[in-house]
Structures are given as C-alpha cells and as structure tokens.
Amino acid sequence: MKRDPVHDAPLTYEEAKELARHQDVAVRKSLAEREDIRPEILFYLAGDPAPEVRKAIAHNKATPARAYIELAKDSSDEIRSDLAEKIARLAPKLTAYEVDRVQSYAFQALEILASDQLSNVRTILAETLKDVAQAPEELINRLARDSELSVACPVLEHSPVLRDEDLLDIISSGISSGALGAISNRKTVSIKVSDAIVDTHDVAAITTLLCNESAQIREETLDQLVEQSRNVEDWQGPLVYRPVLSEYAAQRLAEFVAGNLLDSLKHRKDLSAKTLSIVREEVNRRIKQTHNANNNKLATPKPDEGGNADLRREYAWLFQQPPHVIAKNLKRMHRLTPQVIINALMEGDNDFVVAGLSECAHIHLSVALRMIAMRSARGVVALCWKAGMDAQTAAFIQAKVAHIAADDILRANDGNYALSDDEMQWQIDFFNNMAV
C-alpha cells in the first residue's frame, strides 16, 4: 500500500516543510489540519495563497498565537469570522501567565478584529464575550461603543466588565435608542445609571427601564415619571406594576390611567388604607363619568361658507405642495388664521390641521405630530392653546384628529380651557424636551 505522506504519522520537519510548499492545494490543506506539526510550519501556512488552507489554519488548535495577527487581517470574511469566534472563546480561559505571554498576539488580534469592517466579525466577538467577566476591558468598551446595534447591544446589556462609569460615559456620548434600551435591560441598573437614562427623555428606553424590576430608580425620579406618564401611555402600565410605588405616585396614577390599570392599582398590597380609598373613589367617579358621557356632546366648530375654497383658488400654485409647506407659506403671508385651520378641520384635512397648529404655535412639526400620535389630551390641548385656537375647537380636535376616547377628552369649561396656562406651557416644554 502506498504511504500517504500527509496523513500518516509521524512527519519529519523536512517532510512537513516540503509538503507546505506542495503544488496541490488539497495536500497543503490536509497538512494545515494536522495538530502534530511544528508551529513554524503552521505559521507559514497561515500565509498560504489558498483560502481553504488558511481557513484550516484558523480552525487548528495547534496554530501558534503569532499567526492570529495575519489571520485577523485576512481578505476572507469567513476566515476572520472563524478566527474571531476561536480567539474570543479562548481568551477567557487563559491563565494570567498565558495572557501575559500571548498578549502581543491573541489580544492584538482581538483588537484588530474589534475594528473589522465586517459587522458580523464584531458581532461574533460581542456575542461570545458578552457574559465573560475576564474579558479585556478595553476591548469590551470598544464593542460597547460600536455603531452597529448587533455589536453594541449584547455587550451593553450583559457584560459584567462595564462599570457604572463606563455606562454613564457611553450614555452621555449620545447613543441610539436601541443602545439605551440595552442598558435599561441590564440585570443590575444602578440609581445613577437610571437617572442618566431618564435624563435622555428617550421614551422607549425609559419604558424598558420601568419594565426592569431589578432596576434601581429613586422615588423622586419615579414621581417625576408618573407626572410625565399622563402624556406617555406606554409608561403607565410599567409604573402601576413597579415593585415599590410611593403613596403619592399611586394617587397620581389613579387620576388618569386606563380602567384595567386602575383596577390593578386597587389590588396592590403595599398601599395604605387611605390611598386605596382614594383609588376606589376614583373608580366610582370614572363609572359615573362614563354614564354621563353620552349626554355631553362636543360643540361643532363653524366653518366659513365654502371653507378654504377661496384660499385654494387664490394660491392654487401653493396648494399643490405638501401640507406643512402650505402652512408655512400661509403663515409667512399672514393668511394662516384659526378660522383657516377650523375650515380644514371640517373638511377632514387633518394633515393640514396639524401642520397649521404647528406653525401657529411656533412648535416643530415633529413635536406636534408626537402630541397627536401619542393621543395625549393634555398635549393636544396645549398645542391648540399655543396656536390660538379656542377651547371648544381644541376639544373637537382631540376627538377628530387625535382620536382620543370621549371619556378622556379635556372639554371646555364655560368656554375656557380646562387647564391653566402654566399647566399647558408645562406640556409644551415637556414635548419639546422629548425631541431633544
């Protein structure tokens, strides 16, 4: 039987050296898969022109650490990905001596891979190292600040290497909502980190934080979020179900949360008899209000005869533009009045109504749209007030544009707004701050 020079053991150094330069790629690949070959031969094969040979070297357990540097720069995405997974799994198992000995190779390779242009390579590193307490601190910080969420989020959410100082610095640098959400969902979130997340005014991240029962949140911060949750419905449920809720927060939530949440609030075991009594009174008040709702119809605003037809004829060229452009130009020409907005409201042109309110109130359109989209009665009332609309029209806009439920509409009180000027200005400031 003919001897197989590649698979038959043992090979002398000279034989291995000769096979490493063999013209047949299959021969070199078989040699690269062997774990009984001298390190210098394997290192030589790490620079082989055939990617299948280099891939075998990347997988070989016997490959010397100094070969990782070249493989980390390999032109093959697959080889770099394979190497990233291999080294990331190897790094936490190294003893202190080994770390010091191979730092110039394995850890340098990790640093190169952490900057790889292919996000998949960086993602492999992040997913592999996210739970490792001994992972290199500098490397974890780099991955945590990666622009790709698939890289940053696993580390931000899970890595025990990240300290509060790191998280606070990352938050202050201005990260995406997704990255903030990952931090909000950490197994342990300190009071300082929670405060920093709340200070971003990121609705989604704060919602995740409130849903995280292990997150430490100051009572003052929770009370602040309770007040703001009048306009952020997503926060109301998580607040009602927080493990610890102050008497003040429970009483305030009872004023505006939906009926099912009010019922949950009524059954909390940690509230005093006085607070539970206040909650029950609110339940009874809501029942009575619902009973009387059908007898309290909204006053319909009166449009001009013909609506905005004359305006459209006069500025035919303008009315071919998007609603926000029309509103901006009418405002510039002093033709955007409350009556023009009322006419559009009765014509069912809700996009123009919102754009018109935005212009008259001197509020960015994105802020006005957020008020409408969140179905915030207080927010919509404040928007209408700032735009110079009357209180009855504001109630109609709540119903027809923001689609707020009849029981939740803030109706005119003897022709006046139900909220004070200070309360409405607070709403304007709140929504403006959310957009920052």
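Higher on the page you've got the structure.
Being a predicted model, the structure only gives us computed values, none of them experimental.

Draft legend 1. Molecular detail of the overall build of the protein. A tally of helices and strands in the protein yields 27 helices and zero strands. Scaling as 2.2 N^0.38, a compact globule of 436 residues should have a C-alpha radius of gyration of about 22 Å, whereas the protein reaches 32 Å, well beyond that. Summarising its shape, the C-alpha atoms of the protein cover approximately 105 × 65 × 40 Å along the three principal directions. Put simply, the protein has 436 residues, and 48% of those count as buried. Looking at the protein alone, contacts between residues at least 24 apart form 59% of all its contacts between residues at least 6 apart. Just so you have it, the protein exposes about 22300 Å², and 49% of that area is on carbon and sulfur atoms.

Draft legend 2. Seen up close, the pattern of salt bridges. Under the definition given, this model contains 21 salt bridges. A salt bridge links Arg163 to Glu137; the shortest N-O distance between them is 3.2 Å. Within this pair, whereas Arg163 is found in the loop between α10 (149-158) and α11 (164-172), its partner Glu137 is found in helix α9 (residues 137-144), the two being separated by 26 residues in sequence. Note on Glu137: relative accessible area 39%, which makes it partly exposed. We note a salt bridge from Arg163 to Asp166, for which the minimum N-O separation is 3.5 Å. Residue class for Arg163 comes out partly exposed when judged on its relative accessible area of 44%. A single salt-bridge network, built from bridges that share partners, covers Glu227, Arg230, Arg252 and Glu255.

Draft legend 3. How the structure looks around the packing of helix α1 (residues 13-20) against helix α2 (residues 25-32). At a minimum axis separation of 9 Å, α1 and α2 run at an interaxial angle of 135°. It follows that α1 is oblique to α2 by the angle criterion. Between α1, through Ala16, Leu19 and Ala20, and α2, the contact on the second element is made entirely by Val27, Arg28 and Leu31. For the contact of α1 with α2, a count of residues per class yields five nonpolar, no polar and one charged.

Draft legend 4. Region of interest: the packing of aromatic side chains. Under the definition given, this model contains three aromatic pairs. A ring pair is formed by Trp426 and Phe430, whose centres lie 5.4 Å apart and whose planes are at 5°; its orientation type is stacked. Separated by four residues within a single helix, Trp426 and Phe430 lie in helix α27 (residues 421-434), roughly one turn from each other. With a relative accessible area of 38%, Trp426 lands in the partly exposed category. Centre to centre, the rings of Phe430 and Phe431 are 5.2 Å apart; their planes meet at 75°, and the pair counts as edge-to-face. The class for Phe430 is buried, based on a relative accessible area of 6%.

Draft legend 5. Focus on a negative patch on the surface. Taken together, the side chains of Glu233, Asp234, Asp407 and Asp408 make up a negatively charged region of the molecular surface. In this fold, Glu233 is placed in helix α16 (residues 233-240).

Draft legend 6. Broad picture of α27. Counted at 1.5 Å a residue, the expected span for α27 with its 14 residues is 20 Å, and the 20 Å between its end C-alpha atoms agrees. Within α27 the residues assigned to the buried category are Met424, Gln427, Ile428, Phe430, Phe431 and Met434. All buried residues of α27 project into a common sector of 160° when viewed along the axis, lining one side.

Draft legend 7. Representation of the packing of helix α22 (residues 338-346) against helix α23 (residues 350-361) within the structure. At a minimum axis separation of 9 Å, α22 and α23 run at an interaxial angle of 160°. Considered as vectors, α22 and α23 are oriented roughly antiparallel to each other. Between α22 and α23 lies a crossing of left-handed hand. Every residue of α23 that contacts α22 at Val340, Ile341, Ala344 and Leu345 is listed here: Phe352, Val353, Gly356, Leu357 and Cys360. Along the lines of polarity and charge, the residues of the contact of α22 with α23 split into eight nonpolar, one polar and no charged.

Draft legend 8. Spatial organisation of the side chain of Thr63. Mapped onto the elements of the fold, Thr63 is located in the loop between α4 (51-59) and α5 (68-72). Its relative accessible area of 4% is what places Thr63 among the buried residues. Among the polar contacts made by the side chain of Thr63, one reaches the main-chain carbonyl oxygen of Ile57 at a distance of 2.6 Å. Apart from the residues lying within four places of it in its own chain, the contact partners of Thr63 are Leu42, Ile57, Tyr68 and Lys86.

Draft legend 9. Layout of unusual backbone geometry. You will see that His201, though not glycine, has its phi angle at about 60°, which is positive. Along the chain, His201 turns up in the loop between α13 (191-199) and α14 (203-211). Phi is positive for Asp414, close to 55°, though the residue is something other than glycine. You can see Asp414 is positioned in the loop between α26 (391-400) and α27.

Draft legend 10. Region of interest: the nonpolar core. With 139 residues, the main nonpolar core has Leu156, Ile197, Leu253 and Leu357 as its most contacted residues. The biggest single contributor to this core is α23, with seven residues. Contact partners of Leu253, with chain neighbours within four places excluded, come to Val226, Ser229, Leu239, Val240, Leu245 and Leu265.

Scoring rules and cut-offs
- Residues numbered from 1 in each chain as written.
- Predicted model: local features only at pLDDT ≥ 70, side-chain atom pairs only at ≥ 80, totals over all residues.
- Heavy atoms only, no water.
- Helix = DSSP H or I, 4+ residues; strand = E, 2+ residues; numbered from the N terminus.
- Rg over C-alpha atoms; globule rule 2.2 N^0.38 Å.
- Buried < 20%, exposed > 50% of the residue type's maximum accessible area, 1.4 Å probe, protein only.
- Contact = heavy atoms within 4.5 Å.
- Areas by Shrake-Rupley, 256 points an atom, 1.4 Å probe, with all protein chains shown as cover.
- Salt bridge = Lys/Arg side-chain N within 4 Å of Asp/Glu carboxyl O.
- Axes fitted to C-alpha atoms, helices over the stretch in contact; angles between N-to-C directions.
- Parallel < 35°, antiparallel > 145°, perpendicular 65-115°, else oblique.
- Nonpolar A, V, L, I, M, F, W, Y, C, P; charged D, E, K, R; others polar.
- Phe/Tyr/Trp six-rings, centres within 6.5 Å; stacked < 30°, edge-to-face > 60°.
- Patch = residues over 30% accessible without salt bridge, like charges linked within 9 Å, V, L, I, M, F, W, Y side chains within 5 Å.
- Lys, Arg positive; Asp, Glu negative; His and termini not counted.
- Charge placed at Lys NZ, Arg CZ, Asp CG, Glu CD.
- Expected span 1.5 Å × (residues − 1).
- Arc of directions from axis to C-beta.
- Left-handed = near helix turned anticlockwise from the far one by under 90°.
- Polar contact = N/O pair within 3.5 Å; in protein donor to acceptor, adjacent residues only side chain to side chain.
- Core = buried A, V, L, I, M, F, W, Y, C linked by side-chain atoms within 4.5 Å.

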